[in-house]
Amino acid sequence: MTAVQSGVPGRIVAPPSMADLATDAIRAMIFSGELALGERLVEARLTERLGVSRPPLREALQRLGHEGLVVSHPRRGATVRALSRHDVYEIVTLREELESIAVRFGIPVRSPARLARCHDALRSFSETARAADEGRFLQHKFDFHLAVVDLAGHSRLTEAYRALSSQLQLCMALNRTARRDRESLLDNVERHRELLEVIEAGDPDAVQRALTAHGHGSFLLGVVDQLDGGSPESESWLAARRGG
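Quantities reported herein were computed from a predicted structural model and do not represent experimental measurements. Note on numbering: residues in each chain are counted from 1, in written sequence order. At least 70 in pLDDT is required for a residue's local features to be given in this predicted model, at least 80 for side-chain atom pairs to be given and counted, and no such filter applies to totals for whole chains, interfaces and linings, which use all residues. With hydrogens and water set aside, each side-chain value is computed from the structure's full complement of heavy atoms.

Quick word on the sheet that holds strand S3 (residues 40-41)
Rule in force here: A pair of strands is labelled paired if DSSP reports no fewer than 2 bridges between them. Helix and strand labels come from DSSP, where a helix needs a run of H or I of at least four residues and a strand needs a run of E of at least two; each type is numbered from the N terminus.
Across the sheet, which stays open at both edges, the three strands sit in the order S3-S5-S4 with antiparallel pairing between neighbours. Two strands bound the open sheet, and with one partner strand each, they are S3 and strand S4 (70-73). With four bridges joining them, S4 and strand S5 (residues 77-80) adopt antiparallel strand pairing. Within the sheet, the bridge partner assigned to Ser-72 lies in S5 and is Ala-78.

Next up, the structure:
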């Protein structure tokens, strides 16, 4: 069975395959926390949980391996990728540098179309929060931040940020775990709405301060302590952040 592609009259496209559906479902289970970082992925459990046979499941796990979300181990099968303290240091510092460059080039906003994309992304983000869709929530959260970075009108910067998608969402998932008991999904959206208001006001320094205060406090001060694999660089950075 085929379907008509949305927004393109007469264009016929194939429906998603079982491997597509399994990939999306497992990715959502990882980002929602249903599958924990480092957890072993037992094929028999996943085939029963998802209602798929082993061939599309294995294809899905291979795709997620290419995305950096799943790691295959000889004779042990696959696990959800775990993050080390050094991983977090690298991911967060790179994210902050890319966002800082975007602020320098993109604020005040010069393109109404790019700003409209931020509002569209926030609207989709809000819809997933109202639907309590934990699986898609982080994807739409990332999409909002990507739209903010894209305000710079710098395609290589946007692509560099997009390349971090899966790794950033793993960090966001840990941060979400740290905040779950004291911040609802809608509260999380509201923080992003406030950030967009600061962006629209057009003061680059204010936007930079808002981004610095926006994201990682509970994550850096709480969940990171549960991770192994620190390095001299990561421990020095964490100590400086906590001291600040």
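What follows picks up the thread again.
Let's talk about the side chain of Thr-79
Condition: Type-normalised accessible area, obtained with a 1.4 Å probe on protein chains alone, sets the label of each residue: buried when under 20%, exposed when over 50%, and partly exposed for intermediate values. We define a polar contact as two N or O atoms separated by no more than 3.5 Å, with the added condition that, inside protein, one atom must be a possible hydrogen donor and the other a possible acceptor, whereas residues neighbouring each other in sequence contribute only through side-chain atom pairs. By definition in these notes, contact holds between two residues if any of their heavy atoms fall within 4.5 Å.
Looking at where Thr-79 falls in the secondary structure, it is placed in strand S5. In this structure Thr-79 comes out as buried when scored by relative accessible area, which is 8%. Polar contacts involving the side chain of Thr-79 include one to the side chain of His-73, which spans 2.9 Å. Setting aside chain neighbours within four positions, we find Thr-79 in contact with Gly-38, Glu-39, Arg-40, Leu-41, Leu-69, Val-70, Val-71 and His-73.

Looking at the environment of Glu-233
With respect to the helices and strands, Glu-233 occurs in helix H12 (residues 232-243). By relative accessible area, which is 42% here, Glu-233 ends up partly exposed. Linking Glu-233 and Arg-85, residues 148 residues apart in sequence, is a C-alpha distance of 9.9 Å.

Quick notes on the pairing of S5
In this sheet, S5 lies alongside S3 in antiparallel orientation, the contact comprising two bridges. For Leu-41, the partnering residue across the bridge sits in S5 and is Ala-78. Connecting S4 to the next strand, S5, in antiparallel fashion are three residues, including Arg-75 with a positive phi near 65 degrees.

Considering the packing of helix H1 (residues 18-32) against helix H2 (residues 43-50)
Packed helices, taken two at a time, are described by the angle their axes make and the gap between the axes. In plain terms, the rule: Between the N-to-C directions of two axes lies an angle of 0 to 180 degrees, each axis being a line fitted to C-alpha atoms and, for a helix, fitted only over the stretch in contact. Angular relationships are summarised with four words: roughly parallel below 35 degrees, roughly antiparallel beyond 145, roughly perpendicular across 65 to 115, and oblique for the angles in between.
Contact geometry of H1 with H2 gives a least axis separation of 11 Å together with a crossing angle of 105 degrees. Judged by the inter-axis angle, H1 sits roughly perpendicular to H2. Taken together, the residues of H2 that come into contact with H1 (itself represented by Ala-22, Ala-25, Ile-26 and Met-29) are Leu-46, Arg-49 and Leu-50.

A word on unusual backbone geometry
Of the consecutive residues Ile-107 and Pro-108, the connecting peptide bond is found in the cis state with omega at 0 degrees. Here Arg-75, not a glycine, exhibits a phi torsion of approximately 65 degrees, which is positive. Within the secondary structure, Arg-75 is located in the loop between S4 and S5. You will see that Ala-132, though not glycine, has its phi angle at about 55 degrees, which is positive. Counting through the fold element by element, Ala-132 comes out in the loop between helix H5 (112-130) and helix H6 (134-149).

A word on the nonpolar core
To keep things clear, this is the line we draw: The nonpolar core is taken to be a set of buried Ala, Val, Leu, Ile, Met, Phe, Trp, Tyr and Cys residues, with the residues joined through side-chain atoms within 4.5 Å.
In terms of nonpolar packing, the biggest core is built from 62 residues, with Ile-26, Ile-30, Leu-41 and Ile-199 touching the most fellow members. Counting residues per element, this core draws most heavily on H6, at eight residues.

Description of helix H8 (residues 165-179)
The line we're drawing: Each helix should span, by expectation, one fewer than its residue count multiplied by 1.5 Å.
Taking 1.5 Å per residue, 15 residues should reach 21 Å; H8 reaches 20 Å between its end C-alpha atoms and fits that length. Burial runs high along H8: 12 of the 15 residues are buried. Those residues of H8 not exposed but buried are Ser-165, Ser-166, Leu-168, Gln-169, Leu-170, Cys-171, Met-172, Ala-173, Leu-174, Asn-175, Arg-176 and Arg-179.

Here we look at H5
Put simply, the rule reads: The reported arc concerns the directions from the helix axis to the C-beta atoms and nothing else.
In this model, H5 (19 residues) spans 27 Å end to end at C-alpha, consistent with the 27 Å of a helix rising 1.5 Å per residue. Considered for burial, the residues of H5 that qualify are Leu-115, Cys-118, Ala-121, Leu-122, Phe-125, Ser-126, Thr-128 and Ala-129. Here the buried residues of H5 occupy an arc of 160 degrees about the axis, which is enough to place them on one side. Facing away from the buried side of H5 by more than 90 degrees, the exposed set consists of Pro-112 and Arg-130.

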